[in-house]
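Residue-level listing of the chains:
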Amino acid sequence: MSTLPADRVSATAPEMPCPTVTCVFAVTDTTPPHEAVSVTPGHDGGGPLRVLAAGPLHLIVQDVPAAAFGEEALAERLNRPDELERCARAHHRGVETAASAGPVVPLPMATLYLDDDNAVRAVTARAASLRSLLDRLRHRTEWAVKVHGPGLGHASGAAGDGPADGRSYLRRVSERRRTEREERERALAQAHAVDRELRRHAVAATRHRPQSEQLTGRSVPQLLNAAYLVDDARRAEFVRAVGELACDAQRSAVEVTMSGPWIPYSFARSDETERDAHEEAGA
Amino acid sequence: MTDLGTWPAGPGVQPAGPPSGSLADLLERVLDKGIVIAGDIKIDLLDIELLTIRLRLFIASVETAKKAGIDWWETDPALSSRAARDALTEENARLRARLAALEDADADTSEVTR
């Protein structure tokens with residue numbers, strides 16, 4: 001594996017044609033409509049999105065400026081939240097357009113090759129596992145479900161009420177703590193129950209780390225951040241199940257929310273391909 | 001790469017985006033998921049992810065989440081070892097600075113007493 005030579009990255013003389021590298025968004029086995037692909041805006045400063053054939057597979061790619069996508073330049077850019085967001089959204093658009101005609105295996109953001117041939121070669125070498133993964137994802141989508149719990153101190157009675165002597169105060173405080181703890185345990189148990197129930201309607205499920213309140217903009221803790229791979233044929237059933245759980249939850253202090261359908265990012269992985277990746281990394 | 005000593009930074013540096021969580025959902029998927037096929041240009045997405053998102057997210061939520069009784073990420077070796085390493089690095093830097101300051105002060109004192 002070679003990295004981009006430094007002189008190529010810094011070759012930005014205005015009269016020179018800007019050197020580019022090939023950015024691969026996703027792999028599919030169903031040709032997406034070329035017109036739709038070419039009008040999808042990709043990464044800033046890059047060319048139009050293209051479809052590249054790799055045997056039975058198709059890659060959605062874009063020529064991107066080498067200067068902005070070198071190792072250091074990219075690392076620097078992606079550590080800036082606004083740039084990271086722009087890049088992530090561009091990547092997602094590329095993956096979405098790849099998915100317009102059939103199942104898709106998204107590649108991680110910023111999978112870059114020096115040219116088209118290298119990209120085709122890399123994907124062709126993994127064609128077998130990619131095809132089995134595409135088969136697994138065909139006619140299935142991902143649904144994200146979150147459970148938010150009661151805010152901390154939700155159950156707190158004012159510790160200042162009642163007799164003002166020290167002993168009564170301490171009793172009230174410990175009582176309040178116990179109530180809070182019990183409420184948290186109940187909420188967490190409920191989140192687990194939601195997950196258990198939804199797994200019955202899904203082909204596969206995975207849990208992501210709960211998102212911070214800073215990121216969600218909510219003042220209540222996230223108790224469950226799960227993703228489910230659902231057969232399209234069972235989509236209505238899944239959505240209904242979430243709706244019922246959300247209704248049940250309304251009676252208590254937790255909230256169940258759903259987003260989807262997502263491209264199955266969280267399930268675009270197989271043991272085989274992970275093992276390959278490990279071997280490659282170790283080689 | 002990035003100076004971990006300045007991290008976590010102030011409130012102005014959270015990822016910009018809708019508070020609804022959709023950006024968080026997107027980043028969670030785009031950064032972390034998908035099949036990995038080695039590219040020609042090496043970008044350690046794990047590094048980027050840890051530095052900009054995961055670590056920030058981890059630190060921001062750990063207290064609240066702990067209070068809420070959630071701890072399953074503590075079994076994530078990548079995250080916990082990384083966090084532990086960062087904490088050690090930070091402590092090391094702090095101790096070194098303190099040692100340097102003490103040594104300076106000591107040098108001053110011995111000069112005075114001399």
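As a starting point, this report considers the structure included with it. Note that the structure is a prediction, hence the values are computed from the model and not measured. (Residues numbered from 1 in each chain as written. Chains lettered and ligands numbered in written order. Predicted model: local features only at pLDDT ≥ 70, side-chain atom pairs only at ≥ 80, totals over all residues.)

### A look at the overall build of chain B
This is how the line gets drawn: The numbering of helices and of strands both runs from the N terminus, where a helix is a DSSP run of H or I of at least 4 residues and a strand a run of E of at least 2. Counting other C-beta atoms within 10 Å of its own, a residue is labelled buried from 20 upward, exposed at 12 or fewer, and partly exposed in the gap between, with every C-beta atom placed from the backbone.
Assigned secondary structure in chain B consists of three helices and zero strands. In chain B, the succession of helices and strands from N to C terminus is α-α-α. Out of the 114 residues in chain B, the part that is buried amounts to 31%.

### So, the pairing of strand β7 (residues 222-231) of chain A
All names here are of chain A. The condition that has to hold: At least two bridges found by DSSP between two strands are what make those strands a pair.
A large share of β7 lies buried, amounting to nine of its ten residues. Here strand β5 (residues 140-148) runs beside β7; their pairing, made up of nine bridges, is antiparallel. Bridging from a neighbouring strand, V145 pairs with A226 of β7. Both strand β6 (residues 204-207) and β7 contribute to a ladder of four bridges, which runs antiparallel. Opposite A205, over in β7, you have Y228 as the bridge partner.

### A look at the sheet that holds strand β4 (residues 104-113) of chain A
Residues and elements named next belong to chain A. For clarity, the cut-off: Lines fitted to the C-alpha atoms define the axes, with helices restricted to the stretch that makes contact. Angles between their N-to-C directions range from 0 to 180 degrees. For every residue pair, C-beta atoms are placed from the backbone, and the pair is scored as a contact if these atoms sit within 7 Å.
Spatially, β2-β3-β1-β4 is the arrangement adopted by the four strands of the open sheet, whose pairing is antiparallel. The sheet is open, and its two edges are formed by β2 (50-54) and β4, each paired on a single side. When strand polarity is set aside, the average angle formed by the axes of neighbouring strands in this sheet is 30°. For β2 and strand β3 (residues 57-65), the ladder comprises five bridges, and the chain directions are antiparallel. Looking across to β3, one finds that V51 is bridged to I60. Of the strands in this sheet, β1 (20-28), β3 and β4 touch helix α6 (residues 127-137), which is tilted by about 140° from β4.

### Concerning the packing of helix α7 (residues 166-199) of chain A against helix α9 (residues 235-251) of chain A
Residue and element names in this part refer to chain A. As a reminder, the rule being used: Here the word oblique covers every angle except those under 35 degrees (roughly parallel), over 145 (roughly antiparallel) and from 65 to 115 (roughly perpendicular). Helix crossings fall into two classes, left-handed where the near helix is turned counterclockwise from the far one by less than a right angle and right-handed where it is turned clockwise.
Interaxial distance between α7 and α9 falls to 10 Å at its minimum, and their mutual angle equals 160°. Comparing the axis directions of α7 and α9 gives the class roughly antiparallel. As α7 runs across α9, the sense of the crossing is right-handed. Residues Q190, V194, E197 and L198 of α7 form the contact with α9, whose participating residues are A241, V242, L245 and A249.

### Looking at the sheet that holds β7(A)
All names here are of chain A. Spatial strand order, β6-β7-β5-β8: four strands in an open sheet with antiparallel pairing. Taken across any chain shown, the strands that pair with only one partner, and hence form the sheet edges, are β6 and β8 (255-262). When the angles between neighbouring strand axes are averaged without regard to direction, this sheet yields 20°. Sheet strands in contact with α7 are β5, β6, β7 and β8, and its direction is about 5° off that of β7.

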